[in-house]
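# Understanding the architecture of this molecule
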Amino acid sequence: MPSSAETGLSAEAGALAVVLRSNDQLVDLSRFSEVGFDAAVDAMADATRSALVSDIKCFVSWCRSRREPVRVVPADPEDIVHYLRWLQAGSKARRPSKPATLDRRVASIARLHRMLGFGDREALPTRAGMVRDTLKAARTRRGQRQRQAAPLRLGVAMGEGDEAPEGVTIQALIGGCGTDLVSLRDAALLSLGYGGGLRVSELTAAKVDHFTWLGNGSGRFEIVRSKTDQAGKGVLVWVSPSTAARIKAWLKASDIAEGHVFRRVNVLRDEVEGFPRTRCFVGKKPLSRQGVVGILRRRILDIVDRGLVELGDTDRDEMLRAVSSHSLRVGLTQDLFAAGEDGAGIALALRWSSPTTALRYARELAVSSNAAARVLGSLSDGL
């Protein structure tokens, strides 16, 4: 396989091609199609593409590390089983992989085979019974469902029978923000991320010209491209007046007139003639997924350490581990469910792939608001 510069592959496809090209002795490229390969990579969402490259690098590294290197493509089902067991075992430097991670790794191997022309004339090695049995055994042995992102709810009762969440909430996090430059950015990010039910990729991709401000103080935010809109048709999200005010305050203070809205702020502390001085410099590149998670965790630590919220029996470190870039979106999903919205309406509003996905994140709230709870809870004998 020639280099991406020689073939004209896109940068994204070229990055994956480099991994395969440097290990061509383990990869059968006889069916390789530049056009098909490039099209397959370009059709992926950014997160999917990143996961694929990471997964393939891992599998290639394992194949090369064997006493006698084994084939990456076409892979042997037995080798895939050994690879999955290696992932499950973990090591001092690597945690044992969870069932969801194993599923993703196998899916990436299958996708790579299809991208290189395998799977049409013969069965994919990932579909072999022994591979599927290994994945099933991993799920059975694990004996627990995948941990979901900790929800960050607004902090008010959303409907009859719903109690106002306590502890770390969106209101508490925004209330803990000050008036300095970093706080203005964080308050705007939290407000838009929750209010729009945004995926982190949608949040970090926000640009100044994606916003339209209306006369009543509210606004509209256009999501140009997202996980469920790879064609780039775009979708509009309502921006509340309070969220609009926070975004405008951040843009004015940071002097951002164009380009990405949420960026890294570098803080420099020094002294001038014996007096402490703090200077802030706004970067040009957008925040990363890890940057957003870092902001959420720092803000949580801040309000907890300052005594602005009480965690009760919740372990602080465990909560921090559970918080992810998905927490804002999950929090709004649960709030909408608590307000009485159905799964179909929530899925449509927040661009979930299906009502089932939306309801999965509202599972905990569903316990106290399902049909049995409503009927039995109204009985005078308190069943």
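Residues numbered from 1 in each chain as written. Predicted model: local features only at pLDDT ≥ 70, side-chain atom pairs only at ≥ 80, totals over all residues. Heavy atoms only, no water.

Now for the sheet that holds strand 1 (residues 211-213). Sheet architecture is open: three strands sit in the order 1-2-3, paired in antiparallel fashion. Of all the strands in the sheet, just strand 1 and strand 3 (235-239) have a single pairing partner and so form its edges. The average undirected angle you get between the axes of adjacent strands in this sheet is 25°. Here five bridges tie strand 2 (residues 219-223) to strand 3, and the two strands are oriented antiparallel to one another. Residue pairing in the sheet places G219 in a bridge with V239 of strand 3. Relative to strand 3, helix 11 (residues 241-254) is tilted by about 95°, and along the sheet it contacts strand 1 and strand 3. (Pairing = 2+ DSSP bridges. Helix = DSSP H or I, 4+ residues; strand = E, 2+ residues; numbered from the N terminus. Axes fitted to C-alpha atoms, helices over the stretch in contact; angles between N-to-C directions. Contact = heavy atoms within 4.5 Å.)

A few words now on unusual backbone geometry. In this structure, the amide linkage connecting V73 to the following residue, P74, adopts the cis form with an omega of -5°. Within the secondary structure, P74 sits in the loop between helix 4 (46-65) and helix 5 (77-89). With phi around 55°, E273 is a residue other than glycine that occupies positive phi space. Within the secondary structure, E273 sits in the loop between strand 4 (263-272) and strand 5 (275-286). The exposure class assigned to E273 is exposed, which follows from its relative accessible area of 76%. The backbone of R351 shows a phi angle near 65°, a positive value even though the residue is not glycine. In this structure, R351 sits in the loop between helix 15 (343-350) and helix 16 (355-361). (Buried < 20%, exposed > 50% of the residue type's maximum accessible area, 1.4 Å probe, protein only.)

Turning to the confidence of the model for the protein chain, a few remarks are in order. Overall, the prediction assigns the protein chain a mean pLDDT of 84, with 87% of residues at 70 or greater. This model gives residues 1-7 a pLDDT under 50, and the stretch forms eleven contacts once residues within four places in sequence are excluded. Ignoring residues within four places in sequence, the model shows residues 368-383, a span with pLDDT below 50, making six contacts including any to other chains. (pLDDT = per-residue confidence, 0-100.)

This brings us to helix 14 (residues 327-338). Look at helix 14: 16 Å from first C-alpha to last across twelve residues, which is about the 16 Å you get at 1.5 Å a residue. In terms of burial, helix 14 is a largely internal element, eleven of the twelve residues being buried. Those residues of helix 14 that sit buried are S327, L328, R329, V330, G331, L332, T333, Q334, D335, F337 and A338. Just downstream of helix 14, G340 is the residue with a positive phi angle, here 100°. (Expected span 1.5 Å × (residues − 1).)

At a closest axis distance of 8 Å, the pairing of helix 9 (residues 181-195) and helix 14 adopts a crossing angle of 50°. Between helix 9 and helix 14, the crossing angle belongs to the class labelled oblique. The interaxial crossing formed by helix 9 with helix 14 has right-handed handedness. For the pair helix 9 and helix 14, the contacting residues are L189, L190, G193, Y194 and G195 in the first and L328, G331, L332 and D335 in the second. (Parallel < 35°, antiparallel > 145°, perpendicular 65-115°, else oblique. Left-handed = near helix turned anticlockwise from the far one by under 90°.)

Right, let's talk about a positive patch on the surface for a bit. Taken together, R111, R114, R127 and R132 make up a surface patch of like positive charges. Mapped onto the fold, R127 is located in the loop between helix 6 (99-115) and helix 7 (129-142). Residue R127 is classed as partly exposed on the basis of its relative accessible area, which comes to 49%. (Patch = residues over 30% accessible without salt bridge, like charges linked within 9 Å, V, L, I, M, F, W, Y side chains within 5 Å. Areas by Shrake-Rupley, 256 points an atom, 1.4 Å probe, with all protein chains shown as cover. Salt bridge = Lys/Arg side-chain N within 4 Å of Asp/Glu carboxyl O. Lys, Arg positive; Asp, Glu negative; His and termini not counted. Charge placed at Lys NZ, Arg CZ, Asp CG, Glu CD.)

This part is about the pairing of strand 5. Here strand 4 runs beside strand 5; their pairing, made up of nine bridges, is antiparallel. Bridging from a neighbouring strand, R263 pairs with P286 of strand 5. If you look at the hairpin formed by strand 4 and strand 5, you'll find two residues sitting between the two strands, and E273 has a positive phi there, around 55°.

Further remarks concern the nonpolar core. Ranked by size, the top nonpolar core spans 38 residues in total, and within it L16, F37, I56, F59, V72, L84 and L116 carry the most contacts. Only helix 2 (11-21), helix 3 (34-42), helix 4, helix 5, helix 6 and helix 7 provide two or more residues apiece to this core. The element that contributes the greatest number of residues to this core is helix 4, accounting for eight residues. Excluding residues within four positions of it along the chain, I56 makes contact with L16, V19, L20, S108, I109 and L112. One finds L173, V309, L311 and M319 within the second-largest nonpolar core, a separate group that totals 33 residues. (Core = buried A, V, L, I, M, F, W, Y, C linked by side-chain atoms within 4.5 Å.)

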